[in-house]
Amino acid sequence: MVEIKTPEQIAKMRAAGLVVAEALKACREAVAPGITTQELNDIADKVITDHGATSNFRADHGGLWFPGVICASVNNEVVHGIPGGRVLEEGDLISIDCGAILDGWHGDAAISVAVGEVAPEVEMLSRVTEGSMWAGIAQMKKGNRLVDVSKAIEGFIRRQPLPPKGKWGITEGYGGHGIGTAMHMEPHVLNYVERGRGKGMKLVPGTVLAIEPMVSLGTPHTKVLEDDWTVVTNDGTWASHWEHSVAVTEEGPLVLTAFDGGKEMLARLGVTAAPDPLGA
Ligand code: MG
Ligand code: MG
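In short, a report on the structure. Since this is a predicted model, take the numbers as computed values, not measurements.

**Some points on the packing of aromatic side chains**
For step 1, the next point in the chain: Enumeration over the complete set of coordinates arrives at one aromatic pair.
For step 2, the next point in the chain: Judged by centre distance (5.0 Å) and plane angle (85°), the rings of Phe 66 and Trp 229 are edge-to-face. Within this pair, whereas Phe 66 is found in the loop between strand E2 (64-65) and strand E3 (70-74), its partner Trp 229 is found in the loop between strand E12 (222-224) and strand E13 (231-233), the two being separated by 163 residues in sequence. One exposure class covers both Phe 66 and Trp 229, and it is buried.

Below is the structure:
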């Protein structure tokens, strides 16, 4: 069953989304050579707490307890990196994934941040991954099908020129998800089109999905490290991950975890974002 939200509930999810946006902004501003991923975690933790919210990451996930409020995934790590003593170095690419629960409603978003100056292909990797997320978000319109989102994400990536070193690998086995009264809900959102899978659900106002492409400079295949969490690329190539929680509304997509609701980035794609229910 897919949870369909009322406009009032979407407004509550917007409030949760803004806490996540604040936490990620604070982390992004703190990223620099020399900082540890634990310090970034603690920055996000403070923002979440200061807003009267709680973390949906530092919780039980099917019998596994994630030990942080952010996932900090560096270089060849794709997602679910555990924050700790790792010191960021010039040239690294870190994906910071963060979530929060406010008033019972969940938000979830991720950004990739370059640490100082990065290699040209790494810069491209992050830009292509982010661009594919926005291409997917632009399809979050009523009447579309789930497959339209997946198709847009994959199509964007496939249309990009290849990086100077490597190629684009769309990570398999992980993807977006429904979100609302829980962080991970139906449906699963593929970042590519899978033959025989059908068109998926119709997007109706009140559908809220986390759109989160993961792209590597090589393989689409991954493995999980012995810590039972960290997902790395099979071939050691670097990866990027971007995510927003997005609502389908009568008036267009509303990006719950973007400060401007997605207005600016969607306008570039010729899509009008829904007005912010909180008037932010
Ligand atoms: Mg996330
Ligand atoms: Mg997510």
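**Considering the nonpolar core**
For step 1, the next point in the chain: Grouped together as the largest cluster of nonpolar side chains are 64 residues, with contacts concentrated most on Ile 94, Ile 96 and Ile 211.
For step 2, the next point in the chain: Tallying contributions element by element places helix H3 (residues 120-137) first for this core, with eight residues.
For step 3, the next point in the chain: Sequence-distant contacts of Ile 94, that is, excluding residues within four places in its chain, are made with Val 31, Thr 37, Leu 40, Ala 72, Ser 73, Val 74, Leu 88, Ile 111, Ser 112, Val 113 and Val 115.

**Re the packing of helix H1 (residues 7-30) against helix H2 (residues 37-50)**
For step 1, the next point in the chain: Between H1 and H2, whose axes approach to 9 Å, the crossing angle comes to 150°. With respect to H2, the axis of H1 lies roughly antiparallel. With respect to the hand of their crossing, H1 and H2 are arranged in right-handed fashion. Note on element contacts: H2 touches H1 through Leu 40, Ile 43, Ala 44, Val 47 and Ile 48, opposite Val 19, Glu 22, Ala 23, Ala 26, Cys 27 and Ala 30.
For step 2, the next point in the chain: Classifying every residue of the contact of H1 with H2 gives ten nonpolar, no polar and one charged.

**So, the coordination of the magnesium ion (ligand 1)**
Metal coordination angles have textbook ideals: 109.5 degrees for a tetrahedral set of four donors and 90 or 180 degrees for an octahedral set of six.
For step 1, the next point in the chain: Within the protein, Asp 97 (OD), Asp 97 (OD), Asp 108 (OD) and Glu 243 (OE) serve as the donor atoms for the magnesium ion (ligand 1), at 2.0 to 2.6 Å.
For step 2, the next point in the chain: Between consecutive donors of the magnesium ion (ligand 1), the numbers of intervening residues give the motif D-x10-D-x134-E.
For step 3, the next point in the chain: Between the two metals, the magnesium ion (ligand 1) and the magnesium ion (ligand 2), the spacing is 3.1 Å, and Asp 108 donates to both. Here Glu 243 lies in the loop between strand E14 (239-241) and strand E15 (244-249) and Asp 108 lies in strand E6 (residues 105-114), a separation of 135 residues in the sequence. Each member of the pair, Asp 108 as well as Glu 243, carries the same accessibility label: buried.

**Comments concerning the pattern of salt bridges**
For step 1, the next point in the chain: Scanning the model with the defined rule gives eleven salt bridges in all.
For step 2, the next point in the chain: Across the salt bridge formed by Glu 154 and Arg 158, the nearest N and O atoms sit 3.5 Å from each other. One end of the pair is Glu 154 and the other is Arg 158, both in helix H4 (residues 146-159) and four residues apart, which spans about a single turn.
For step 3, the next point in the chain: Its relative accessible area of 19% is what places Glu 154 among the buried residues.

Conventions we followed
Residues numbered from 1 in each chain as written. Chains lettered and ligands numbered in written order. Predicted model: local features only at pLDDT ≥ 70, side-chain atom pairs only at ≥ 80, totals over all residues. Heavy atoms only, no water. Phe/Tyr/Trp six-rings, centres within 6.5 Å; stacked < 30°, edge-to-face > 60°. Helix = DSSP H or I, 4+ residues; strand = E, 2+ residues; numbered from the N terminus. Buried < 20%, exposed > 50% of the residue type's maximum accessible area, 1.4 Å probe, protein only. Core = buried A, V, L, I, M, F, W, Y, C linked by side-chain atoms within 4.5 Å. Contact = heavy atoms within 4.5 Å. Axes fitted to C-alpha atoms, helices over the stretch in contact; angles between N-to-C directions. Parallel < 35°, antiparallel > 145°, perpendicular 65-115°, else oblique. Left-handed = near helix turned anticlockwise from the far one by under 90°. Nonpolar A, V, L, I, M, F, W, Y, C, P; charged D, E, K, R; others polar. Donors = N, O, S within 2.8 Å, 3.2 Å for Na, K, Ca; no water. Salt bridge = Lys/Arg side-chain N within 4 Å of Asp/Glu carboxyl O.

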